[in-house]
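Observations on the model geometry
These are the residues of each chain, in order.
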Amino acid sequence: MFRFICRRLVLSLITVWMVVTFTFLLMHHMPGELFVVKKNVPPQVLENITQKYGLDRPKLEQYFIYLGNVVRGDLGISMKYTNKSVNTIISKAFPVSVDLGLRALFIALSMGIILGIIAALNKNKPLDDITLFISVIGVAVPGFVLGTLSQYLLCYKLTGFLSRVTGSSFRLFPVSGWKGFSYTLVPSAVLAFGAMAIIIRMMRSSLLDVLELNYIVNAKVKGLSSREIITKHGIKNALFPIVSVLGPLSVSILLGSFAIEKIFSIPGLGHYLVTSVQEKDYTMVIGLSLFTSLIVILVNTITDILYSIMDPRVQLK
Amino acid sequence: MFVSRAVKAIVQNRIAVTALLFLGLVFIVSLIYPLLSEYNYYAHNLDNVFLPPFSGKHVFGTDNFGRDLFVRVCEGAKISLKIGLAAALIQTLIGIIYGCLSGVYGGIIDEIMMRIADMFHSIPSLIIVILLTTFMGRSEMTIIIALSITDWTGMAKIMRGQTLLLREMEFVQSAKVLGVGNLRIITKHIIPNSMGAILVNVMLSIPAAIFAEAFLSFLGLGIEIPKASWGTLANEGFVYASSYPWLVIIPLSFIAVIMICFYVIGDTIKDALGG
């Protein structure tokens, strides 16, 4: 167990190093020569980035300065604005992204597990078909498509209709922004949809598998009621495979939130990343991308280790 | 053998046949649209902006510059499908070569190659694609390259598994005893016998690549104007969603329906080949 965790951590550290080095190479050796051309950079900013990235030093020294900064948690500064650093943007945007992501994850898990159980208990009946339909839509249709369509239908049409009918200025689902509970409902539900679809399928098949195992038959023979069997033995053991996909699902929610943040104008990480790409604020793009990659690597590492603790068999793979 | 089994499975499934027909229709119309419409995808016509669908000869209406949306959707289909197919094929190729080499050589080489693949797998490919396109320009070529070099690990792992499995089989063992080289074993025995897994993977990679491209373009980080993939069209139309919803709903519907079609076909093949 300990050895597995150590090996996993070492692997993650090497990955982090690879990503950091990749971003460094990208900054210095791509066509366009980011730090050579330097056009349209205000003089004060130029002075700042020269100091921050050690641009007046040899390349190798620049690399170690960059590496040192990242290790200390300093991801760089903007090359457009004098008063912006990557870290200030992250401290503003990341909590918003985490908030949105956790809401989505909560919806995906709770709804996915409940619908999955319903589907399994109604195998090959209409209810099962309905959940199958929902999960096909969720798996196949991209989140940004659902996001735009539901913004149009729910936020413009339905909300507009309701406030016209009631004659009040109350907005059920505001179109965009991030200013309160009602603003979070549609974005997090849409963001949750894809992950929920996968959880439904997994929960259904794993519950059906578990219900055929010998100890369930034994519980039946013992005379437990079917409700007791399902809640006490079935669901608990069927939840296992869900944990194994929690990592990839959280990652896909994090990345999917980039589009959702654009659609609903939510000031999260994705919003700032897209803006800085469009403003050609390259050091900011690098810093934010690096941060997102580090978070993804961290999530993957944590879930791998968690899963290995829950199910020691995976280490043997 | 695998291909005929896959075709048979599709033909026997009504939903899969419909999906395939629709894909074929979109593909053909995107190639022959100049015969169907007198407009082109780039010329502005400021007298005819924001025409709703079915107004005159504009079947899907026009956009903010008076460009015919039907023609732009056809042109977008070409770009989206091209990027999807090319990226999926290159990914698969890289994955096959990497996986076979790793599996055939085995031992420490296998261990190192697989750890490298693990690392690539845990870096979010979308971020790498954003970085590469930001620094290398946003042509179709860079997007194809960026998508191909980030998402090959899945195929590599499957191919390695196949190789390890097949390597121990009697016909491969006897080929080895007869002195057949590694390269020949890979091309003559391992790849032909893994065609099922490869086919399933290609069918899942194509929609994934189309999705990735559409996602990027929708964020405004993909193909640049005046060329437009479906994602770009949706991104442009998004600004006008509240007043002229068809500008965003039509391209998005195409993305959604095409994705469902690929998903249905992929699933059918997967079930048939047990991938």
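Reading the values: rules and limits
- Residues numbered from 1 in each chain as written.
- Chains lettered and ligands numbered in written order.
- Predicted model: local features only at pLDDT ≥ 70, side-chain atom pairs only at ≥ 80, totals over all residues.
- Heavy atoms only, no water.
- Helix = DSSP H or I, 4+ residues; strand = E, 2+ residues; numbered from the N terminus.
- Buried < 20%, exposed > 50% of the residue type's maximum accessible area, 1.4 Å probe, protein only.
- Contact = heavy atoms within 4.5 Å.
- Areas by Shrake-Rupley, 256 points an atom, 1.4 Å probe, with all protein chains shown as cover.
- Lys, Arg positive; Asp, Glu negative; His and termini not counted.
- Charge placed at Lys NZ, Arg CZ, Asp CG, Glu CD.
- Phe/Tyr/Trp six-rings, centres within 6.5 Å; stacked < 30°, edge-to-face > 60°.
- Lys NZ or Arg CZ within 6 Å of the ring centre and 35° of its normal.
- Buried area = accessible area lost by both parts, 1.4 Å probe.
- Salt bridge = Lys/Arg side-chain N within 4 Å of Asp/Glu carboxyl O.
- Polar contact = N/O pair within 3.5 Å; in protein donor to acceptor, adjacent residues only side chain to side chain.
- Nonpolar A, V, L, I, M, F, W, Y, C, P; charged D, E, K, R; others polar.
- Axes fitted to C-alpha atoms, helices over the stretch in contact; angles between N-to-C directions.
- Parallel < 35°, antiparallel > 145°, perpendicular 65-115°, else oblique.
- 1 Å grid on protein atoms, 1.4 Å probe; cavity = no way out; pocket = protein on both sides within 12 Å on 5 of 7 lines; lining within 4 Å.
- Points joined across faces, edges and corners; volume = space filled by probe spheres on them.
- Patch = residues over 30% accessible without salt bridge, like charges linked within 9 Å, V, L, I, M, F, W, Y side chains within 5 Å.
- Core = buried A, V, L, I, M, F, W, Y, C linked by side-chain atoms within 4.5 Å.
- Expected span 1.5 Å × (residues − 1).
- Arc of directions from axis to C-beta.

**Comments concerning the overall build of chain B**
Across its full length, chain B carries 12 helices and zero strands. Mapped from its N terminus to its C terminus, chain B presents α and β elements in the order α-α-α-α-α-α-α-α-α-α-α-α. By principal-axis analysis of the C-alpha atoms, chain B measures approximately 75 × 45 × 30 Å. Across the 275 residues of chain B, 53% fall into the buried class. Across chain B, the fraction of contacts at a sequence separation of at least 24, relative to all contacts at a separation of at least 6, is 71%. Accessible surface for chain B amounts to roughly 12,200 Å². Of this, 68% is attributable to carbon and sulfur atoms. Side chains of chain B carry 18 positive and 17 negative charges; the gap between the two charge centres is 8 Å.

**Here we look at the environment of A:Ser252**
Residue and element names in this part refer to chain A. As for its position among the elements, Ser252 is in helix α11 (residues 240–263). Take Ser252: its relative accessible area is 41%, and that puts it in the partly exposed class. Residues Ser252 and Val296, spaced 44 residues apart in sequence, show a C-alpha to C-alpha distance of 9.4 Å.

**Remarks on the packing of aromatic side chains**
Following the criterion strictly, the structure yields 16 aromatic pairs over all chains and no others. Seen from their ring centres, A:Phe94 and A:Phe291 are 4.9 Å apart, and the 90° between their planes marks the pair as edge-to-face. Of this pair, A:Phe94 sits in helix α5 (residues 86–121) while A:Phe291 is found in helix α13 (residues 282–310), placing the two residues 197 residues apart along the sequence. Considering the side-chain rings of B:Phe120 and B:Trp152, the 5.4 Å spacing of their centres and the 55° angle between planes classify their relative orientation as tilted. Of this pair, B:Phe120 sits in helix α4 (residues 107–122) while B:Trp152 sits in the loop between α6 (140–150) and α7 (153–167); the two residues are 32 residues apart in sequence, bridging distant segments of the chain. Exposure remark for B:Phe120: the relative accessible area of 32% places this residue in the partly exposed category. We classify B:Trp152 as buried; its relative accessible area is 7%. These aromatic residues form a ring-pair network of at least three members: A:Phe144, B:Phe211, B:Phe215, B:Phe218 and B:Phe238. The side chain of A:Lys262 reaches across the aromatic face of B:Phe218, ending 5.5 Å from its centre.

**With respect to unusual backbone geometry**
All names here are of chain A. At Ser265, a residue that is not glycine, the phi angle is positive and equals roughly 45°. Tracing the backbone through its elements, the reader meets Ser265 in the loop between α11 and α12 (269–278). Taking relative accessible area as the criterion, Ser265 reaches 39% and is therefore assigned partly exposed. Not every positive phi belongs to a glycine, and Lys280 is a case in point at roughly 55°. Lys280 gets classed as partly exposed once you look at its relative accessible area, which sits at 48%.

**Topic: the interface of chain A and chain B**
Facing 44 residues of chain A, the contacting portion of chain B comprises 37 residues. Summing the contributions of chain A and of chain B, the shared interface buries around 3,800 Å²; its carbon and sulfur component is 84%. Its largest share of buried area at the contact with chain B, chain A owes to A:Phe144, A:Tyr152 and A:Lys262, together 16% of the area lost on that side. Counting across the interface, chain A meets chain B through one salt bridge. The residue B:Glu111 makes a salt bridge to A:Arg7 at a minimum N-O spacing of 3.4 Å. At the boundary of chain A and chain B, one finds three residue pairs in polar contact (both at pLDDT 80 or more). For the side of chain A that touches chain B, the residue count by class is 32 nonpolar, 10 polar and two charged.

**Some thoughts on the environment of B:Ile28**
Residue and element names in this part refer to chain B. Here Ile28 shows up in helix α2 (residues 14–36). Given a relative accessible area of 48%, Ile28 falls into the partly exposed group. Through-space distance from the C-alpha of Ile28 to that of Thr268 is 23 Å; in sequence the pair is 240 residues apart.

**A few points about the packing of helix α3 (residues 69–105) of chain B against helix α11 (residues 230–238) of chain B**
Residues and elements named next belong to chain B. Running from N to C, α3 and α11 cross one another at 135°; their axes reach a closest spacing of 8 Å. With respect to α11, the axis of α3 lies oblique. Contacts between α3 and α11 involve Arg72, Val73, Gly76, Ala77 and Ser80 on the former and, on the latter, Trp230, Leu233 and Glu236. Here the residues of the contact of α3 with α11 are counted per class, giving four nonpolar, two polar and two charged.

**Considering the pattern of salt bridges**
All names here are of chain B. If you walk through the whole model with that rule in mind, you get 12 salt bridges over all chains. A salt bridge links Glu75 to Lys78; the nearest nitrogen and oxygen atoms lie 3.9 Å apart. Note that Glu75 and Lys78 are positioned in helix α3 at a spacing of three residues, about one turn of the helix. We note a salt bridge from Arg160 to Asp110, for which the minimum N-O separation is 2.7 Å. Highlighted residues: Arg160 in helix α7 and Asp110 in helix α4, separated in sequence by 50 residues.

**Points about empty space enclosed by the protein**
All names here are of chain B. Evaluated as defined, the whole model comprises three cavities of 30 Å³ or more. Approximately 50 Å³ is the volume found for the largest cavity. Considering the residues around the largest cavity, the lining is formed by Asp63, Asn64, Leu69, Leu233, Glu236, Gly237, Tyr240 and Leu247. The leading source of residues in the lining of the largest cavity is α11, at three residues.

**A word on a nonpolar patch on the surface**
Residue and element names in this part refer to chain B. A contiguous nonpolar patch, built from Leu93, Ile97, Leu101, Tyr105, Ile108, Ile109, Ile112, Ile116 and Phe120 and spanning about 840 Å² of accessible area, is present on the exposed surface. Put simply, the parts of the chain that give the nonpolar patch at least two residues each are α3 and α4. Assignment of secondary structure puts Leu101 in helix α3. Accessibility expressed as a relative area gives 33% for Leu101, which makes it partly exposed.

**Looking at the nonpolar core**
Grouped together as the largest cluster of nonpolar side chains are 163 residues, with contacts concentrated most on A:Tyr66, A:Phe144 and B:Trp230. Per-element tally for this core: the top contributor is helix α12 (residues 246–273) of chain B, with 16 residues. For B:Trp230, the contacting residues outside a window of four places in its chain are B:Val26, B:Val73, B:Gly76, B:Ala77, B:Ser80, B:Pro251, B:Phe254, B:Ile255 and B:Ile258. The next biggest cluster of nonpolar side chains, apart from the first, holds six residues, and it includes B:Met113, B:Ala117, B:Trp152 and B:Ala156.

**Considering helix α4 (residues 59–71) of chain A**
Each turn of an α-helix holds 3.6 residues, which means side chains three or four residues apart point in the same direction. All names here are of chain A. Across its 13 residues, α4 extends 18 Å between first and last C-alpha, which sits within 8% of the 18 Å expected from 1.5 Å per residue. Taken together, the buried positions of α4 are Gln62, Tyr63, Tyr66, Leu67, Asn69 and Val70. Down the axis, α4 shows its buried residues gathered within 160° of arc, on one side only. Turned more than 90 degrees away from the buried face of α4, the exposed residues are Leu60, Phe64 and Val71. Phi turns positive, to about 90°, at Gly73, one or two residues after α4.

The values reported here are purely geometric and, on their own, carry no functional implication.
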